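Structure at a glance
Here is what each chain is made of, one letter per residue.
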Number of protein chains: 2
Amino acid sequence: MKDVENYLIQLQKNICDALTKIDGTAFRADNWTHAKGGGGKSCVLQNGHVFEKAGVNFSHVTGDNLPATASAQHPDLAGRTFDAMGVSLVLHPHNPYIPTTHCNIRFFMATKENADPIWWFGGGFDLTPYYGFEDDCVHWHQTAKKACDPFGKDIYSHYKKNCDEYFYLKHRNEMRGIGGLFFDDLNEKNFDHCFDLAKSIGDHFLPSYIPILEKRKETPYGEKEKAFQCYRRGRYVEFNLIYDRGTLFGLQFGGRIESIFVSLPPQANWIYNWHPEPNSQEALLTDYFLKPKEWITL
Amino acid sequence: MKDVENYLIQLQKNICDALTKIDGTAFRADNWTHAKGGGGKSCVLQNGHVFEKAGVNFSHVTGDNLPATASAQHPDLAGRTFDAMGVSLVLHPHNPYIPTTHCNIRFFMATKENADPIWWFGGGFDLTPYYGFEDDCVHWHQTAKKACDPFGKDIYSHYKKNCDEYFYLKHRNEMRGIGGLFFDDLNEKNFDHCFDLAKSIGDHFLPSYIPILEKRKETPYGEKEKAFQCYRRGRYVEFNLIYDRGTLFGLQFGGRIESIFVSLPPQANWIYNWHPEPNSQEALLTDYFLKPKEWITL
């Protein structure tokens, strides 16, 4: 378990270092402890040159005597002590041509005397563009596939499908973004196999995102594009507050609010009954990009 | 039931007329129908002179064969046809010195052959200031009390307590606003008594709110006050998307999204780990005003 923790702490550092280099702004780090056990470190950059708000969280919380309701899927968790740790990040750039992105790698383990430990990995990464570009989507999914391929030929398509299904706003009948990878309850073959796969996904986040960021960060934009970004960010808020399991778990668990909500956009707008002009770039987002697609075979 | 519908339609009209007179801007009215039965009329004013976004909805939806899960409190609802109707409004003014407000009057009735109808009224009104003024809170609660007093001496304190408990953000340990009235499942004495009480609350909304609006609408404000308003509006979004039963019912029922989300603020900001200066007007909001208080006896 210490290996997982070390990896996650290093992953947080690597990502913050890379983003700082791009932005020219340092992250502010807040260490915190949780009353029930454990704690974390939240690294946040606000009003940088590239990022309007970037939050990269590490947390490792512990507890004992899990309630029977902790997981319907794992009734044998009841009464165990547990460790839940993870890195979770959301990046909200200023420039509406750079997509918002989210990445998460997490590990859960519950132990009890005289019983095998119960554990699993979860996480993934996904992309939420405001203005869609096919080559960005292809690059994103190709890199995601590269992360998975050494571990089995069906893994990418399985995790991609999970991702399309998970990041979905039922009340809008709309995907949150163009997907990526999503996995949960990963416990197969053996621990090393699972840990290596989780690490591979974690390590492929920067190579998936940075080239897109670099390609789009100088694209000029005006008030219209910024307004569209703020409007679309409303969907991000809706998803995170209504559906996101990590967010809702954090709220129920009594997690550190400022760390949980660092994922929320710096600004989001709701305009009554607004719709983009037909066939505009803005309309293309929902009409074309936010439909599940096999991007890598386009 | 037709009487209730007529009252609600008239209430919507009275409120829109009064607000238009103040703002100098007409509401846009959208009539809509629901696939499962019924429909509504959403009246919305955006970017007016006083209101940044004001939505006053009327809806009357119907259905048959209620699922057994429709209400844990009313298992005898199963298999009945139902009518659910209401007026619901949220006003988001430009000026941060004018509070945001919400009012709702609703009626539910479920019928079945050879059985007594099951019905109840619900609703209330509550106030969410950004900058607190004691005299506004006292006026607000005095008028709320006036609405209830003819119907029983304990009604105001009962509905006020409900309101304090309902409009509460558990994850922030914070009230949404300074309260008002909240009632649900109102079915006591007889239909006329309940209808008259619901009407009295509906009719007292404008006299509760307008004097506060008039008193504060010329107060000068700058970027700092606007930023604080947008920051606090984040709490409004959090409440409506995480807790509000009406919003969540609407989403589950597959209601008209644009009408349901007209309650969301035109702009909301989330700033990581921001806290007001101690003892500032901004700090006073949470430290003093957003604590349950017996405003009318202050």
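For the structure, check the block above.
Notes on the structure in this doc start here. Since the structure is predicted, the reported quantities are computational estimates derived from the model, not experimental observations. (Residues numbered from 1 in each chain as written. Chains lettered and ligands numbered in written order. Predicted model: local features only at pLDDT ≥ 70, side-chain atom pairs only at ≥ 80, totals over all residues. Heavy atoms only, no water.)

Observations regarding the overall build of chain A
Just so we agree on the cut-off: Secondary structure elements follow DSSP: runs of H or I of four or more residues count as helices, runs of E of two or more count as strands, with numbering from the N terminus. As defined in this context, the radius of gyration uses C-alpha atoms, and a globule is described by 2.2 Å times the residue total to the power 0.38. Accessibility here uses a 1.4 Å probe with only protein chains present; expressed as a share of the type maximum, an area under 20% marks a residue as buried, one over 50% as exposed, and anything in between as partly exposed. Contact criterion: two residues are considered in contact whenever any of their non-hydrogen atoms come within 4.5 Å of each other. What sets the accessible areas is the Shrake-Rupley method with a 1.4 Å probe; for residues, cover comes only from the shown protein chains.
Counting its regular elements, chain A contains 9 helices and 10 strands. Taken over the C-alpha trace, chain A has a radius of gyration of 19 Å; the compact-globule value for 298 residues is 19 Å, and the two agree within 12%. Counting only C-alpha atoms, chain A reaches 65 × 40 × 40 Å along its principal axes. Going through the 298 residues of chain A one by one, you find that 60% of them count as buried. Contacts spanning at least 24 positions in sequence make up 70% of the contacts within chain A whose residues lie at least 6 apart. When the accessible area of chain A is evaluated, it comes to approximately 12,800 Å², of which 52% is carbon and sulfur surface.

Section: the relation of the copies chain A and chain B
The following threshold applies: The fit set for superposing copies consists of C-alpha atoms from residues with pLDDT of at least 70 in both; the fit itself is least squares.
With an RMSD of 0.0 Å, the operation that places chain A on chain B is a rotation of 180° combined with a shift of 0.0 Å along the axis. These values place the two chain copies in the arrangement generated by a two-fold rotation axis. In terms of proximity to the rotation axis, the leading residue of chain A is A:Ala268, whose C-alpha is 2.7 Å off the axis. With an isologous cut-off of 70% or more, the 100% of interface residues of chain A that recur at the interface of chain B puts this contact in the isologous class.

With respect to unusual backbone geometry
Residues and elements named next belong to chain B. The phi dihedral of aspartate 185 is positive, around 55°, even though this residue is not glycine. Mapped onto the secondary structure, aspartate 185 falls in strand 9 (residues 179–186). Although it is not a glycine, lysine 189 sits at a positive phi angle of roughly 55°. Note on placement: lysine 189 falls in the loop between strand 9 and helix 4 (191–203).

Geometric descriptors of this kind do not, in isolation, establish any biological role.
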